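Below, each chain spelled out in residue letters.
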Amino acid sequence: MEEREETAAGPAAAGEAASDAAEVDAAAGDAADVRAVVAGDHAAFERIVRRWQTPLVNLAFRYCRDRGRAEEMAQDVFVKLFRALATYRGDSRFSTWLFAVAANHFRAQSRRHSPEQVPLEAIAELQDPSTAHGVLEEADRREIVRRSVSSLPRRYRDAVLLFYFFDMDLAAASAALGLPEGTVKARLHRGRGILRRKLAGTAVTGPASQKA
Amino acid sequence: MDDLERILSSEPMIDPAPGFTAQVMEAVRREAEAPPALAFPWWRAGIGGAAMALLLGVAIIALPQQAEPAWLPAVTGALDVVSRILSKAGAPLIAALLISLVSARLSLRATG
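Residues numbered from 1 in each chain as written. Chains lettered and ligands numbered in written order. Predicted model: local features only at pLDDT ≥ 70, side-chain atom pairs only at ≥ 80, totals over all residues. Heavy atoms only, no water.

**Q** Go over the interface of chain B and chain A with me, naming the residues and quoting the values.
**A** Each partner contributes to the interface: chain B provides 26 residues, whereas chain A provides 37 residues. Contact between chain B and chain A buries roughly 3100 Å² in total, counting both sides, with carbon and sulfur atoms accounting for 62%. The tally of links between chain B and chain A comes to 6 salt bridges. For B:E31, the salt bridge goes to A:R83, with nearest N and O atoms at 2.7 Å. Elements represented by at least two residues in the side of chain B that touches chain A include exactly α1 (3-9) and α2 (20-33) of chain B. No other element matches the 9 residues that α2(B) contributes to the side of chain B that touches chain A. Across the side of chain B that touches chain A, the residue classes break down as 15 nonpolar, 4 polar and 7 charged. (Contact = heavy atoms within 4.5 Å. Buried area = accessible area lost by both parts, 1.4 Å probe. Salt bridge = Lys/Arg side-chain N within 4 Å of Asp/Glu carboxyl O. Helix = DSSP H or I, 4+ residues; strand = E, 2+ residues; numbered from the N terminus. Nonpolar A, V, L, I, M, F, W, Y, C, P; charged D, E, K, R; others polar.)

This is the structure in C-alpha cells:
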C-alpha cells in the first residue's frame, strides 16, 4: 500500500515540478519580452500574445459567453497592455498584472454589454419534475449553472468566475480582483450560497446530483 | 465536491480563432503608429492657477483698504438691473446657455 502511494506520488510530484519549471520559464520569458517591447521591439509583443491569448480569451468568454465578443475583448486587453507596458514596474509577476488589467476590463465591459440573462424560473425544464430526477443532460446542467452564475450580483459573480478560472486559487483570484483574500473568500462563500439556494431542487443540486 | 463545484471547476476551454494572433498584432501595430495623445498642459494650467490664486490673494488683502471707487455704484447698479431682467426671463436657462456658449468657445479655441 505504502509502495503504491510512493509510486503514485512520484509522477504527481514530477508533474508538479515540471509545471513549476514551466511557470518559471514563462515568467522569465515575460520579463525578457516586456523589456524588449519597452525598448522598441514590437515583435516581442507577439510572443506575449501567443503565451497568454488562450487564458485571456477563456476568461473573457466566461464573462460574455460569446466567442466572437470574447476575442474582441481579449484583443482590447492586449492593446491596452501594449500601451501600458512602460508603466509595468515589475513589482508583481507579469501574469498577475495582466490578469488584473484583463479582469478589470472584462468587468467594465460586462457592465456595458450584459449577456442575455434569463431568470432560472423561466427555464421550463427546471419546473418539470422528471428533469429534477436525473433526466437532465450534462450540457443542460452546465447551462443552468452558467445562467445562475450570470444572474448573481456582480461582486459575487466576479469572485466565483475568477476563483474557478484560476483553478480555485484564492490568491490569484484576489490579485486579479485587487481585493484582500478575506473579502474574496467571503464573497465566494456568499455567492456559492446564493447559487445553492437558486439551484435547490433542480437537477444540479437536487436529489439526482446529490446521489452522485 | 458536489455537482455545483464539479461543474464550476471543470468549465471547458476554448481555443482562439487561428487568425487571432495576427489580428491582435495588427491592432498593436496600428496603436504603435498612431500619434501619441495630446497630454494635458499641466505646466500651463499650474502657472495659470497660481496666477489666479495670487491675484485673488492680492484682491482680498488690498480691496478693503481702498476707498470705494467712483465707478463701483454704477457697475453694481447695472448688475442689479441685469439680474432683475434675468430673474424675470428664466435666469437659470439663460445663465446655462451663456455658460455653455462660453465653454464651447473656449474649448474650440483650445483645440483649434
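Continuing now.
**Q** Run through helix α2 (residues 44-64) of chain A, naming residues and quoting values.
**A** Residues and elements named next belong to chain A. Taking 1.5 Å of rise per residue, the 21 residues of α2 would be expected to cover 30 Å, and the 29 Å separating its terminal C-alpha atoms lies within 8% of that figure. Maximum bend of α2: about 50°, positioned at W52, with proline P55 one to four residues after it. Taken across its 21 residues, α2 has 16 buried, putting it largely inside the fold. Among the residues trailing α2, R65 stands out with phi positive, at a value near 60°. (Expected span 1.5 Å × (residues − 1). Bend = angle between axes of the 7 residues up to and from the residue. Buried < 20%, exposed > 50% of the residue type's maximum accessible area, 1.4 Å probe, protein only.)

**Q** Any chance you could break down a nonpolar patch on the surface for me, citing the residues and the numbers?
**A** Residues and elements named next belong to chain B. A cluster of nonpolar side chains, L56, I60 and I61, forms an exposed patch at the surface whose accessible area comes to about 340 Å². One can find I60 in helix α3 (residues 42-62). I60 sits in the exposed class, given a relative accessible area of 58%. (Patch = residues over 30% accessible without salt bridge, like charges linked within 9 Å, V, L, I, M, F, W, Y side chains within 5 Å. Areas by Shrake-Rupley, 256 points an atom, 1.4 Å probe, with all protein chains shown as cover.)

**Q** How would you sum up the nonpolar core? Please name residues and give values.
**A** Residue and element names in this part refer to chain A. Formed by 63 residues in total, the largest nonpolar core has its most connected members in F45, F78, F94, F99 and L162. Element by element, the count of residues in this core is highest for α2, at 12 residues. Residue contributions to this core reach at least three from each of two domains, namely domain 1 (1-115) and domain 2 (117-212). (Core = buried A, V, L, I, M, F, W, Y, C linked by side-chain atoms within 4.5 Å. Domains from an automatic or database assignment.)

**Q** Which residues make up the pattern of salt bridges, and what values go with them?
**A** Applying the stated rule across the entire model yields 20 salt bridges over all chains. Here A:D33 makes a salt bridge to A:R47, at a shortest N to O gap of 2.9 Å. You can see A:D33 sitting in helix α1 (residues 2-38) and its partner A:R47 sitting in helix α2, a full 14 residues away along the chain. On the basis of relative accessible area, A:D33 is assigned to the buried category, the value being 4%. A residue is classified by how much of its surface remains accessible, and A:R47, at 43% relative accessible area, is partly exposed. The partner of A:R51 in a salt bridge is A:D33, and the shortest N-O contact between them spans 2.8 Å. Note that A:R51 is positioned in helix α2 and A:D33 in helix α1, a separation of 18 residues in sequence. Through salt bridges with shared partners, one network takes in A:R65, A:E143, A:R146, A:R147 and B:E11.

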